[in-house]
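Examining the three-dimensional arrangement
Residue strings, one per chain:
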Amino acid sequence: MAEGLEVKPLTAGLTGVVGVPGDKSISHRSVILGSVAKGQTRVSGLLEGEDVLRTMEAFRAMGVAIQRHAAGDYVIDGVGLDGLAEPDHVLDMGNSGTGMRLLTGLLASVSFFSVVTGDDSLRTRPMGRVIKPLTRMGAVILGRDGNRLAPLAIRGRELLPLEHDTGVASAQVKSAILLAGLNTPGVTEVTEPALSRDHTERMLAGFGATVERHGLTVAVTGWPELRGQNIRVPGDISSAAFFMVAALLCPGSDVTITGVGVNPTRTGLLDLLGEMGAGITLENQRTEGGEPVADIRVVHMELQGVTVPPEVIPRAIDEFPIFFVAASLAHGQTVLRGAEELRHKESDRIRSMVMGLSQLGARVEEAGDGVIIHGRPEGLQGGVTVDSLTDHRVAMSMVVAGLRCREPVRVLRTANIATSFPDYVARMRGLGVSVNAL
Ligand code: S3P
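Source: prediction; values computed, not measured. (Residues numbered from 1 in each chain as written. Predicted model: local features only at pLDDT ≥ 70, side-chain atom pairs only at ≥ 80, totals over all residues. Heavy atoms only, no water.)

Remarks on the pattern of salt bridges
Here is the rule: Whenever a carboxyl oxygen of Asp or Glu lies within 4 Å of a side-chain nitrogen of Lys or Arg, that contact is scored as a salt bridge. Secondary structure elements are taken from DSSP: a helix is a run of H or I of four residues or more, a strand is a run of E of two residues or more, and numbering for both begins at the N terminus. For the exposure calls, accessible area comes from a 1.4 Å probe over protein chains only, and a residue counts as buried if that area is under 20% of its type's maximum, exposed if over 50%, partly exposed in between.
Counting across every chain of the model gives 33 salt bridges. Between aspartate 271 and arginine 315 there is a salt bridge, with the nearest N and O atoms lying 2.9 Å from each other. With a gap of 44 residues between them, aspartate 271 in helix H9 (residues 268–275) and arginine 315 in the loop between strand E17 (291–299) and helix H10 (320–328) connect regions that are remote in the sequence. Arginine 349 is the salt-bridge partner of glutamate 346, the closest N and O atoms lying 3.0 Å from each other. Of the two residues examined, glutamate 346 and arginine 349, each falls in the buried class. Salt bridges sharing common partners tie together Arg125, Arg197, Asp318, Glu346, Arg349, Asp391 and Arg393.

Here it is in structure tokens:
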């Protein structure tokens, strides 16, 4: 039998209180900055998904001692910016674009040679967007296909600071340059066309670096004294998104998702669902480790289609697969344009979602840079087998879509759910969903 999941239509609503694993972006950055700070960094709530574990293995391979004390609790013995050692093997970042791009920035600035690679998906994703600006800083990086694709060979050396305009709202590009600038004397400045997630800037400041923001420009001063920190990683809103949409779509639902990071650079989906008529409430709002956190309560609500404002796109960039599911079951039309970036994620998410949702019976039209969806609030047909194309967020989204189909849905190649949300199936079951391995 092929690897995958079968989900049955939901007859009652989803109910209960559920937690989500630690934020993936913040978890990667905790490991990276904890490793290059001096002294101990204690992290709790770290996401133990495959992507973050790869980043951890990469730093272990560069001589950093990282110990697991309990689930999600780690102690990192930081070695300082000049303390990393040359790895004696290729660093395999698995499925993780964040791991590869952020590491490439840092590795370009160290005194040794390294090679980074990844899985079949990661080796097709664009790396020129970090290699080009890093090369302007003096980096020596070679890759396949004219320095566009991994594996990448990086001859680390001392770089020159840069003022760079990214041209694309990408936190990975911004962070790669900031991490290179961190280990470079002088001030490195990055300007983006719209604000992408700002976890790197926030955490750098927390570790003691000088970070200044002016509008869409952020500047870091190189060679700071970074000191180990205590970090509590908030729950990942990108994982909470699946429960939010599932609860909205299924009559009788009332779900509270606890301890979710609600950094304003990440809450675009909340704004979009609000526009669609969802009554989502943020309870118990607080700040933890420099990041805003809340419990999110969602009850079932009929949704109305929406035209996505372009400025929301970077703030919801990882939530479009599940947003498409919501739109497919809303009243009226939803239009997304200007989201070409979705074609460069773990899969081409415009193509993967249009294919999968169409197979379920949704009315979805593909555009070069987005989609047009004519909602079917009465529900979808299902009764088919769809392929996640190994994309974790496509797989989790298709499971949610299956809840509102008339017949069971099989989703193939779901193993990569473990890259970001290892407990997804168990937690869905805890809310009353019938989902089983094929
Ligand atoms: C991330 C940035 C985003 C996002 C990814 C995580 C990060 O990618 O899609 O899942 O942690 O910096 P881009 O920077 O390519 O938009």
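Section: the sheet that holds strand E18 (residues 333–336)
Note the following rule: A pair of strands is labelled paired if DSSP reports no fewer than 2 bridges between them. Angles here are taken between N-to-C directions and fall from 0 to 180 degrees, while the axes themselves are lines fitted to C-alpha atoms, restricted in helices to the stretch in contact. The criterion used for residue contact is that any of the two residues' heavy atoms lie within 4.5 Å.
Taken in spatial order, the three strands line up as E18-E20-E19 in an open sheet, and their pairing is antiparallel. Each of the sheet's edge strands pairs with one partner strand only, and the pair in question is E18 and strand E19 (363–367). Strand after strand, the sheet turns through a mean of 10 degrees between neighbouring axes, direction not considered. The pairing of E18 with strand E20 (residues 370–374) spans four bridges and is classified as antiparallel. Note that in E20 the partner of leucine 336 across the bridge is valine 371. In the packing of helix H11 (residues 349–360) onto the sheet, the strands contacted are E19 and E20, and the crossing angle to E19 comes to about 160 degrees.

Comments concerning the site of the ligand
Worth spelling out the cut-off: Proximity is defined per residue: if any heavy atom of the residue lies within 4 Å of a molecule or strand, that residue is considered near it. Pairs of N or O atoms are called polar contacts if they sit within 3.5 Å, as long as, within protein, a hydrogen donor faces a hydrogen acceptor (for residues adjacent in sequence, only side-chain-to-side-chain pairs). In this description, accessible areas are obtained by the Shrake-Rupley approach with a 1.4 Å probe, and a residue is regarded as covered only by the protein chains that are shown.
In the vicinity of the ligand, the contacting residues are Ser25, Arg29, Thr98, Arg101, Ser170, Ala171, Gln172, Arg197, Ile317, Asp318 and Lys345. Threonine 98 places a polar side-chain atom, nitrogen or oxygen, 3.4 Å from an oxygen atom of the ligand. Coverage of the ligand by the protein amounts to 95% of the 380 Å² it exposes when considered alone. Those elements giving two or more residues to the shell around the ligand turn out to be helix H1 (24–36), helix H3 (97–108) and helix H6 (171–182).

Points about the environment of threonine 307
Note that threonine 307 resides in the loop between E17 and H10. On the accessibility criterion, threonine 307 (55% relative accessible area) is exposed. Here the alpha-carbon distance between threonine 307 and valine 325, two residues 18 residues apart in the chain, equals 15 Å.

Examining the pairing of strand E15 (residues 254–261)
Taking burial as the measure, the eight residues of E15 include six buried ones, the bulk of the element. With six bridges joining them, E15 and E17 adopt antiparallel strand pairing. Following the sheet pairing, isoleucine 257 is matched in E17 by isoleucine 296.

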